[in-house]
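# Chain and residue survey
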Amino acid sequence: MSSTNRGYDRHATDYYVTPKNAVRIFLKTFREDVLKGEFIDDTTGFAQNPQLCEWLDPCAGGDGGHDMTYPYIIKEMFDPEILTTIDIRADSRAERKEDYLTAKIDIPPDIIITNPPFYIAKEVIEKGLQDVKTGGYVIMLLRLNFFGSQERFKFFQRQLPILSYVHHRRFSFTDNGKTDSIEYMHTVFQKDSSPVFTMLKVI
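Parameters at a glance
- Residues numbered from 1 in each chain as written.
- Predicted model: local features only at pLDDT ≥ 70, side-chain atom pairs only at ≥ 80, totals over all residues.
- Heavy atoms only, no water.
- Pairing = 2+ DSSP bridges.
- Helix = DSSP H or I, 4+ residues; strand = E, 2+ residues; numbered from the N terminus.
- Contact = heavy atoms within 4.5 Å.
- Axes fitted to C-alpha atoms, helices over the stretch in contact; angles between N-to-C directions.
- Salt bridge = Lys/Arg side-chain N within 4 Å of Asp/Glu carboxyl O.
- Buried < 20%, exposed > 50% of the residue type's maximum accessible area, 1.4 Å probe, protein only.
- Lys, Arg positive; Asp, Glu negative; His and termini not counted.
- Polar contact = N/O pair within 3.5 Å; in protein donor to acceptor, adjacent residues only side chain to side chain.

### Some thoughts on the sheet that holds strand β8 (residues 199-202)
Strand order in the open sheet formed by 8 strands is β3-β2-β1-β4-β5-β7-β6-β8, and the pairing between neighbours is mixed. The sheet terminates laterally at β3 (96-97) and β8, the two strands that pair on one side only. In this sheet, strand β4 (residues 111-114) lies alongside strand β1 (residues 54-57) in parallel orientation, the contact comprising 2 bridges. Considered in β4, the bridge of Leu 56 is made with Ile 112. Each of β4, β5 (137-143) and β7 (184-190) touches helix α3 (residues 121-131); the most contacted strand, β5, lies at about 170 degrees to it.

### So, the pattern of salt bridges
A side chain with one charge can pair with a side chain of the opposite charge if their charged atoms come near. Counted by the stated rule, this structure contains 15 salt bridges. Asp 67 is the partner of Arg 93 in a salt bridge, and the nearest nitrogen-oxygen pair spans 3.2 Å. Residue Arg 93 is found in the loop between β2 (82-87) and β3, and its partner Asp 67 is found in the loop between β1 and α2 (69-78); the two are separated by 26 residues along the sequence. The exposure class assigned to Arg 93 is partly exposed, which follows from its relative accessible area of 41%.

### Remarks on the side chain of Lys 191
Position of Lys 191 among the secondary structure elements: in the loop between β7 and β8. Despite its burial, Lys 191 remains without a salt bridge, the nearest opposite charge being carried by Asp 192 at 5.9 Å. Looking at Lys 191, its side chain comes within polar contact range of the main-chain oxygen of Leu 129, at 3.4 Å. Within the local environment of Lys 191, its side chain forms a polar contact with the backbone oxygen of Gln 130, the two atoms lying 3.0 Å apart. Sequence-distant contacts of Lys 191, that is, excluding residues within four places in its chain, are made with Leu 129, Gln 130, Val 132, Lys 133, Thr 134, Gly 135 and Gly 136.

Interpretation in functional terms is not warranted from these geometric data alone.
Structure (structure tokens):
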């Protein structure tokens, strides 16, 4: 979901490598905040024992030269018993090669987390909120300007994230290390929780 090289008309399914350290920083901070018990009623057990949570990355990515970023970091930090990966691309390292928007999720996970293609990000969030367990989290890496859209205004009137973590450093999604042109955030939606305001934290 990068905006690098904006002069080039990238295909909607082009793959961008999510920077691992940004995911580490987010997950560490989010868990610490959940442990405080001040912001979220955690019914998933994520704060106390994330290893026992069921995780799903529906746009997992990865290819012959790159790891699937979220699964890699989740395994590194939490070593969960159940971690399911889906991606539509044939060259992805995901275990299930299919379109998440039409995929059947038989067992609701506790946490759905991914960097969705920007052009279907809202649809991925909406499906995630259907698929995740009651009280579960749908966590998306999004452009900060995702909030600013007439098209998504009605969606946000129905469903705001409970927490929004804005990364103060710009990302590089490419092997050459060049940073992106805009800011990004990890947004945390919770099933059956639609706050009037989202709480924002800069990390």
